[in-house]
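# Inside the fold
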Amino acid sequence: MKKRRLFLFTVILAIAIIVGNYHLSVASSVGKETLTMITSPDYPPYEFYETQGSDRKIVGFDIDIANYIRQKLGFKLNIAQSDFNGLIPALQAKRADFVMAGMTPTPERRENIDFSIIYYEAKDTLVALKSSNLRKSEDLAGKIIGVQLGTIQEQNGKQIAETVNIQLKQLNKVSEIVQEIKAGRIDAAIVEDTVALGFVKANSDLEFNVIPSIENASGSAIAFPKGSQLVKPFNDVLQQMKNNGELERLSKKWFSITPTSEVSTSPAPKKDRLNLDFRRIIPDIPFILKGIPLTLLFTLSSVFLGLFWGTALSFFKISGIKPLGWFANIYTSIFRGTPLLLQLSLVYFATPQLTGYDISALQAGILTFTLNSGAYMSETIRGGIQAVDKGQFEAAMSMGVTYWMMMWDVILPQALKNILPALVNETIGLLKDSSLVATIGVVEILRSAQIVGANRYIYFEPLLFAGLIYYVLVMGLSFGASALERKLRRSD
Ligand code: ARG
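On a predicted model such as this, the values are computed, not experimentally measured, just so you know.

What counts as what
- Once a new chain begins, its residue numbering starts again from 1 and follows that chain's sequence as written.
- Local features in a predicted model are, by the rule used here, given only for residues with pLDDT of at least 70; side-chain atom pairs are given and counted only at 80 or more, and totals for whole chains, interfaces and linings are based on all residues.
- Just so you know, side-chain values use all the structure's heavy atoms and leave hydrogens and water out.
- Here a strand is any run of E in DSSP of at least two residues, a helix any run of H or I of at least four, and the numbering for each starts at the N terminus.
- With a 1.4 Å probe rolled over the protein chains alone, any residue whose accessible area is under 20% of its type maximum counts as buried; one over 50% counts as exposed, and the rest are partly exposed.
- In the cavity and pocket records, a cavity denotes points on a 1 Å grid over the protein atoms alone where a 1.4 Å probe fits but cannot get out, a pocket denotes an open set with protein on both sides within 12 Å along at least 5 of 7 lines, and lining residues are residues with an atom within 4 Å of a point.
- Grid points are joined across faces, edges and corners, and a volume is the space filled by probe spheres set on the points.
- When residue character is reported, Ala, Val, Leu, Ile, Met, Phe, Trp, Tyr, Cys and Pro are called nonpolar, Asp, Glu, Lys and Arg charged, and the others, Gly included, polar.
- The nonpolar core is taken to be a set of buried Ala, Val, Leu, Ile, Met, Phe, Trp, Tyr and Cys residues, with the residues joined through side-chain atoms within 4.5 Å.
- The contact rule is simple, with two residues in contact once any of their heavy atoms fall within 4.5 Å.
- Paired rings are identified among Phe, Tyr and Trp, the last through its six-membered ring, by centres lying within 6.5 Å, and are further divided according to the angle between planes into stacked (under 30 degrees), edge-to-face (over 60) and tilted (the rest).
- Two conditions define a charge located above a ring, namely a distance within 6 Å from the ring centre to NZ of Lys or CZ of Arg, and an angle within 35 degrees of the ring normal.
- Residues qualify for a patch when their relative accessible area is over 30% and they have no salt bridge, like charges being joined within 9 Å and the nonpolar side chains of Val, Leu, Ile, Met, Phe, Trp and Tyr within 5 Å.
- Reported accessibility uses the Shrake-Rupley method at a 1.4 Å probe radius. Residues are deemed covered only where the shown protein chains occlude them.
- By definition here, a salt bridge exists when the distance from a side-chain nitrogen of Lys or Arg to a carboxyl oxygen of Asp or Glu is within 4 Å.
- You can read pLDDT as the predictor saying how much it trusts each residue, on a scale of 0 to 100.

### Focus on the environment of Phe-349
Secondary-structure assignment places Phe-349 in helix 13 (residues 340–355). Phe-349 sits in the partly exposed class, given a relative accessible area of 32%. Sequence spacing of Phe-349 and Ile-440 is 91 residues, and the spatial spacing of their C-alpha atoms is 9.1 Å.

Below, the structure written as structure tokens:
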């Protein structure tokens, strides 16, 4: 028995240490020596993941500017990331000190956040298939137009919709929008010129044309929480960069030779044929594989913690103490009755505001998955305990063993053995659902694959590869579990 406790203790300790190390320390408030910038790295050449080789680095025009400012003002820079529509909430939740994401100052945004001066001017374009002849707003009547969620392009699309009959389709990432055009599900997309250029270079069946009628140009500025002390010093450095030619130099670096030049030159796939070519992702495979430890860490921590929490809940349910029973039942009904994705977003986005603790994405993921799987496991474990032969309870009681000792040493081990298959099911479910944490920015397997897809302007190959990794992991898990089960049966 001692051994088992020691083992559990070691496992928990190991998890705690690993989680502690993975935790990206995010210094939040201004005045600290480290400033956190948050960006949406789906936007080459402004910001995107460098996927060659296995370290995960966000690079681009905005990043170079941020580093220049960092040098001038002498702070340490920490870069966080989320989808574009999560950037302003992140500023408001004080998760970051500033945003650089090719973000355009608009009157609506100015109500909630402050902006620096504009450091780069861009124009909106229409990206469409070459044969489509879609060049200006008037050509768009009756068409479906893709835009990135939460961007000024979405607003401009709405503006066009006031006069021309178009249907807007909002997606999270520009790469997804391009994929939709190629699949023929949307007719065109509104994309900034420099970004459009990269996509069109990589996809020879696409073209882009500046939209003449859109008056608000898409200039980029740095965004800060309202009232931030950083605006002034940042503006001073930006102005310097304008005067001394540094901005000019950086825009030459990123916007004339686009970072897409190394994309394979194989002809772009035709609209209705799927041309898979896995050679295109070979250089990025290490990057995707690096998501595996994170996915495993995440799944195993949630399973272990969930098992403990579930056991506690199941004790509450069978304890006969009414308030505990009620609590456990209501808890279970809530966590089983609402979507996991919703719980995840709530824990991640509401925790800093409610508690002041800046929970990292990984911690928020583990916490949510533990709370959620605890609810499911509590039912399984309760069933397992209640299925243990009544005689066992009586025998133990008559030998004068205390209730808790009996539970821990006699009943639980038998219950666990019986419910092992159900627990394995739960673990497999968690492993696959772990991909949900990609939505709050943890770069696990799925997210890595999406990043590679966005960088290479391809979609299917990285996703299929990610699917293969999940499948292999689940298979490994199943084999391990059957072996364990056989061993337990033998020791009966
Ligand atoms: N300039 C546009 C805006 O502010 C689009 C920016 C999108 N940026 C990104 N990193 N995806 O709405």
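### Brief notes about the layout of surface pockets
Roughly 1200 Å³ of internal volume is contained in the largest pocket. Lining of the largest pocket is provided by 27 residues; of these, Phe-304, Leu-307, Leu-416, Leu-420 and Leu-484 occupy positions nearest its centre. Counting residues per element, the ones that place at least two in the lining of the largest pocket are helix 1 (2–22), helix 11 (291–318), helix 16 (403–433) and helix 18 (460–490). With 10 residues, the top contributor of residues to the lining of the largest pocket is helix 16. For the lining of the largest pocket, a count of residues per class yields 19 nonpolar, 5 polar and 3 charged.

### Here we look at the nonpolar core
Judged by nonpolar contacts, the single largest core of 70 residues is most densely connected at Phe-61, Ile-65, Ile-69, Tyr-119, Ile-222, Phe-234 and Met-241. Broken down by element, the residue count for this core peaks at 7 residues, all from helix 18. For Tyr-119, the contacting residues outside a window of four places in its chain are Phe-61, Asp-62, Ile-65, Met-100, Gly-102, Ser-220, Ala-221, Ile-222, Leu-238, Lys-242 and Leu-247. In this structure, Leu-340, Ala-364, Ile-366 and Ile-381 belong to the second largest nonpolar core, which totals 31 residues.

### Quick word on helix 6 (residues 174–182)
When you tally the buried positions in helix 6, you get 9 out of 9 residues, the bulk of the element. Gly-184 sits one or two residues past helix 6 and shows a positive phi near 80°.

### Observations regarding the packing of aromatic side chains
Following the criterion strictly, the structure yields 21 aromatic pairs and no others. The interplanar angle of 50° and the centroid separation of 6.1 Å between the aromatic rings of Phe-61 and Tyr-119 together place this pair among those described as tilted. Placement of Phe-61 in helix 2 (residues 61–73) and of Tyr-119 in strand 7 (residues 113–120) is noted, with a sequence separation of 58 residues between them. Owing to a relative accessible area of 5%, Tyr-119 belongs among the buried residues under this scheme. When the centroid spacing of 4.4 Å and the interplanar angle of 35° are considered together, the rings of Tyr-120 and Phe-255 count as tilted. With Tyr-120 in strand 7 and Phe-255 in helix 9 (residues 246–255), the pair connects residues that are 135 residues apart, well separated along the chain. By the burial criterion, Tyr-120 is buried, and Phe-255 matches it. Put simply, the rings of Tyr-43, Tyr-46, Phe-61, Tyr-119, Tyr-120 and Phe-255 touch in pairs and so form one group of aromatic residues. Between Arg-95 and the ring centre of Tyr-348, over which it is positioned, the NZ or CZ distance is 3.9 Å.

### Regarding a nonpolar patch on the surface
On the surface, Leu-276, Phe-278, Phe-460 and Leu-464 cluster together to form a nonpolar patch covering roughly 340 Å² of accessible area. Exposure remark for Leu-464: the relative accessible area of 45% places this residue in the partly exposed category.

### Some words on the confidence of the model for the protein chain
Chain-level pLDDT for the protein chain is 86 on average; 89% of the residues reach the 70-or-more range. When mean pLDDT is taken per element in the protein chain, strand 6 (residues 98–99) scores highest with 97 and helix 1 scores lowest with 62. Ignoring residues within four places in sequence, the model shows residues 21–30, a span with pLDDT below 50, making 23 contacts including any to other chains. This stretch, residues 258–272, has a pLDDT under 50; its non-local contacts, to residues over four places away or in other chains, come to 27 contacts.

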